[in-house]
Amino acid sequence: MSTEPITRKLMLYFPECETEKPIVYHLVKDYDLIINIFRARVTPEEEGYLVLDVTGTEEHILQGTEFIRSLGIRIDAVNKGLAWDENKCAQCGSCVPHCPTNALSIPDRNTMEIVFNTEECIECLSCIKVCPFAAVSSLF
Amino acid sequence: MKNIEQINDKISSGKAVVLTAEEVIDYVDKKGLDQAAREVDVVTTATFGPMCSSGCFLNFGHSKPKMRMTEAWLDDVSTYAGVAAVDLFLGATQLQANDPANRDYPGDFRFGGGHVMEKLVAGEEVQLFALSYGTDEYPLKELRTTFTINDLNQCIMVNPRNCYQNYNVAVNTSDRPIHTYLGYLKPQMKNCGYSSAGQLSPLLNDPFYRTIGVGTRVWLAGAQGHVYSEGTQHSPTCERGHLGVPSEGAGTLALTGDMKKMLPEFVRGVSLKGYGVSLSVGVGIPIPILDEQMLLQTTVRDRDIMAQVIDYSTDYPERTGRVLGSVSYEELKSGSIMLDGKKIEAGGLSSYSKARKIAGILQEEIRSGQFLLTRPIAPLPLEQSMKPLKEASS
Ligand code: SF4
Ligand code: SF4
């Protein structure tokens, strides 16, 4: 396994009870991971969400995610907190100047087609405010 | 050189040469105007963008006992019932009842007339609630039911104003963000909003309305509709640039078509934060290539089409007439424009990629003989300007 640090974007889903544990603390301290939290909604006694980037060696990330799972927290690496519905998107491009990371972009200025790259998305929610067609939505 | 009948004969026999307004540019570059004009029969143009001035007429047929509707709501969106007993008019910008609008600024405007129209075309169920004072022959006073577009006798779209020939580019020079129908504008001109399909746009390819007039058959969201009149605010007397292409609002078209034949992809409700609701509709218009001059008009390209940059924080609302500068659609489509040495990010509201798609669909429909061209029954006015509101002084 490589020792080069890599970055993974994760979405954690907390069923009601598990929100008390200092997860981020353990990820940093025990697994030497760098954490960048994009968005969180963690309220005691309710289900919660946390969207974050973890940076570290592949092995540490694996161990860290195992630790999270052992607490009964679900990790979703595919379904991120922000969804772009390709069919609802009218390809207008209004969101593009408001997206700070180019997650929503127009790579080909001849066809002017909009592309969404979920890896780039930091879930700032700017696009939701400006999309006239309700094509982007937040899971929480 | 060619007339509509000859072109239609070629279309019917499947031999017509049809290019999109994008393809024709390179084609003429390669073949030369003279030869291309002999070959090309039709150029397809298109646009897809918010057009507030839209609505539809619905006829419900009669309930038992009968009712003369005097007030009616579709999914809680108020309609105009002062038409006839069971005819209603639904406007695209009408808000749903109890929408807080901008009382909680900026309002979200999630649902309105445009969204009801989208649901109708998508075949979804819509609720009708109607009230009446009751008459001897129309005794029913209240009705609540659901229906789909298939249950209606007619559902006819009308756009009193569509296909704006060109449009403003909006910026905000103030210190606070503003919400406009051209989108969210950050303070100090950080971004701009525009709305035109540029080189694909119908009236930019026929700037003097030679082939597009009253009666012209158009592709309206998939249905074969037509131009029924000049559009509201039609003001062709304006500043014109390369090939006579207007660099401001200018001409408009009034369109109508059968919503039962429309495609849901091209009839979409629009929510503009802080502004209101609207409707985006896809339109395609074929331009018959009657001669070299007509072909030349269709070769107009984004870099030659200019639009005026207007300050929507002061000059637009105050009607000062001040223009900050002018930019080309090539610049706008690149994602940023330069104004007074300042880089401004650009975002569209009309969809160029949908316009491309429509121009391609119409091209196929003409090639396969399903869509024939028409000669206008009356021309659009070529000289006329827009008057401001006359406010009587008391
Ligand atoms: S949430 Fe922010 S980063 Fe993600 S796509 Fe929308 S604007 Fe871009
Ligand atoms: S603003 Fe909405 S509809 Fe327009 S391109 Fe972005 S996601 Fe698509």
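Not measured: the values here are computed from a predicted model. (Residues numbered from 1 in each chain as written. Chains lettered and ligands numbered in written order. Predicted model: local features only at pLDDT ≥ 70, side-chain atom pairs only at ≥ 80, totals over all residues. Heavy atoms only, no water.)

(A) Quick look at the overall build of chain A. If you tally the helices and strands in chain A, you get 3 helices and 8 strands. Helices (α) and strands (β) of chain A occur, in sequence order from the N terminus, as β-α-β-β-α-β-β-β-β-α-β. With respect to the three principal axes, the spread of C-alpha positions in chain A is 50 × 40 × 20 Å. The buried share of chain A, reckoned over its 140 residues, is 45%. Considering only residue pairs separated by 6 or more positions, chain A has 67% of its internal contacts joining residues 24 or more positions apart. About 7500 Å² of surface is accessible on chain A, with carbon and sulfur atoms providing 49% of the total. Distance between charge centroids for chain A: 4 Å, based on 12 positive and 21 negative side chains. (Helix = DSSP H or I, 4+ residues; strand = E, 2+ residues; numbered from the N terminus. Buried < 20%, exposed > 50% of the residue type's maximum accessible area, 1.4 Å probe, protein only. Contact = heavy atoms within 4.5 Å. Areas by Shrake-Rupley, 256 points an atom, 1.4 Å probe, with all protein chains shown as cover. Lys, Arg positive; Asp, Glu negative; His and termini not counted. Charge placed at Lys NZ, Arg CZ, Asp CG, Glu CD.)

(B) Structural context of the interface of chain B and chain A. Facing the 27 residues of chain B at the interface are 20 residues of chain A. Across the chain B to chain A interface the summed buried area is about 1700 Å²; carbon plus sulfur atoms make up 53%. It is B:Arg268, B:Lys333 and B:Ser353 that lose the most area in chain B upon contact with chain A, and together they represent 27% of the buried surface on that side. Connecting chain B to chain A are 0 salt bridges. Broken down by secondary-structure element, the contributors of at least two residues to the side of chain B that touches chain A are strand S14 (191–194), strand S18 (267–272), helix H8 (329–334), strand S23 (342–348) and helix H9 (352–367) of chain B. (Buried area = accessible area lost by both parts, 1.4 Å probe. Salt bridge = Lys/Arg side-chain N within 4 Å of Asp/Glu carboxyl O.)

(C) Here's a closer look at the pattern of salt bridges. Residues and elements named next belong to chain B. Here the structure, examined in full by the defined rule, presents 21 salt bridges over all chains. Note that arginine 268 is salt-bridged to glutamate 118, the shortest N-O span being 3.5 Å. Of this pair, arginine 268 sits in strand S18 while glutamate 118 sits in helix H4 (residues 113–121), and the two are 150 residues apart along the sequence. Assessed through its relative accessible area of 6%, arginine 268 is described here as buried.

(D) Just the site of ligand 1, in detail. Around ligand 1, the surrounding shell holds 14 residues, and the nearest of these are A:Cys99, A:Cys121, A:Cys124, A:Leu125 and A:Cys127. By residue class, the composition of the shell around ligand 1 is 11 nonpolar, 2 polar and 1 charged. (Near = heavy atom within 4 Å. Nonpolar A, V, L, I, M, F, W, Y, C, P; charged D, E, K, R; others polar.)

(E) A look at the confidence of the model for chain A. Mean pLDDT for chain A: 89, with 95% of residues reaching 70 or above. Mean pLDDT across the elements of chain A bottoms out in strand S4 (residues 74–76) of chain A (86) and peaks in strand S6 (residues 104–105) of chain A (97). (pLDDT = per-residue confidence, 0-100.)

(F) Structural view of the site of ligand 2. What surrounds ligand 2 is a group of 13 residues, the closest being A:Cys89, A:Cys92, A:Gly93, A:Cys95 and A:Cys131. The residue inventory of the shell around ligand 2, partitioned by class, reads 10 nonpolar, 3 polar and no charged.

(G) The arrangement of the sheet that holds strand S3 (residues 48–56) of chain A in detail. Residue and element names in this part refer to chain A. An order of S2-S3-S1-S4 is seen for the 4 strands of this open sheet, with the pairing classed as antiparallel. The sheet is open, and its two borders are formed by strand S2 (34–41) and S4, each paired with just one other strand. Sheet twist, expressed as the average angle between the axes of neighbouring strands with direction ignored, equals 25°. Sheet strands in contact with helix H1 (residues 23–31) are strand S1 (6–14), S2 and S3, and its direction is about 170° off that of S2. Across the face of the sheet, helix H2 (residues 58–70) comes into contact with S1, S3 and S4 while running at roughly 5° to S1. (Pairing = 2+ DSSP bridges. Axes fitted to C-alpha atoms, helices over the stretch in contact; angles between N-to-C directions.)

(H) Structural context of the packing of H1(A) against H2(A). All names here are of chain A. Packing of H1 against H2 leaves a shortest axis separation of 10 Å and a crossing angle of 145°. Taken as a pair, H1 and H2 cross one another with a handedness that is right-handed. On H2, the residues that touch Ile23, His26, Leu27 and Tyr31 of H1 are His60, Gln63, Gly64, Phe67 and Ile68. The residue makeup of the contact of H1 with H2, split by class, is 5 nonpolar, 4 polar and no charged. (Left-handed = near helix turned anticlockwise from the far one by under 90°.)

(I) Geometry of H2(A). All names here are of chain A. The end-to-end C-alpha separation of H2 is 18 Å, in line with the 18 Å expected for 13 residues at 1.5 Å each. Turning to H2, its buried residues are Ile61, Gly64, Thr65, Phe67 and Ile68. All buried residues of H2 lie within an arc of 155° about the axis, which places them on one face of the element. Just past H2, the residue glycine 72 takes up positive phi, approximately 85°. (Expected span 1.5 Å × (residues − 1). Arc of directions from axis to C-beta.)

(J) Examining the side chain of A:Gln91 more closely. In this fold, A:Gln91 is placed in the loop between strand S5 (82–84) and S6. Among the residues examined, A:Gln91 registers a relative accessible area of 10% and is labelled buried. One polar contact links the side chain of A:Gln91 to the main-chain amide nitrogen of A:Ile114, over a distance of 2.8 Å. The residues touching A:Gln91, leaving out its near neighbours within four places in the chain, are A:Trp84, A:Met112, A:Glu113, A:Ile114, B:Ser351, B:Tyr352 and B:Ser353. (Polar contact = N/O pair within 3.5 Å; in protein donor to acceptor, adjacent residues only side chain to side chain.)

(K) Inspection of the nonpolar core at higher detail. By size, the foremost hydrophobic cluster in this structure holds 134 residues, and its most contacted members are B:Leu58, B:Phe60, B:Leu74, B:Leu128 and B:Met259. What B:Leu74 contacts, discounting residues up to four positions off in sequence, is B:Leu58, B:Phe60, B:Thr79, B:Leu88, B:Leu90, B:Val116, B:Val126, B:Gln127, B:Leu128 and B:Phe147. Among the nonpolar cores identified, the runner-up in size contains 16 residues, and A:Leu12, A:Leu50, A:Val54 and A:Ile68 belong to it. (Core = buried A, V, L, I, M, F, W, Y, C linked by side-chain atoms within 4.5 Å.)

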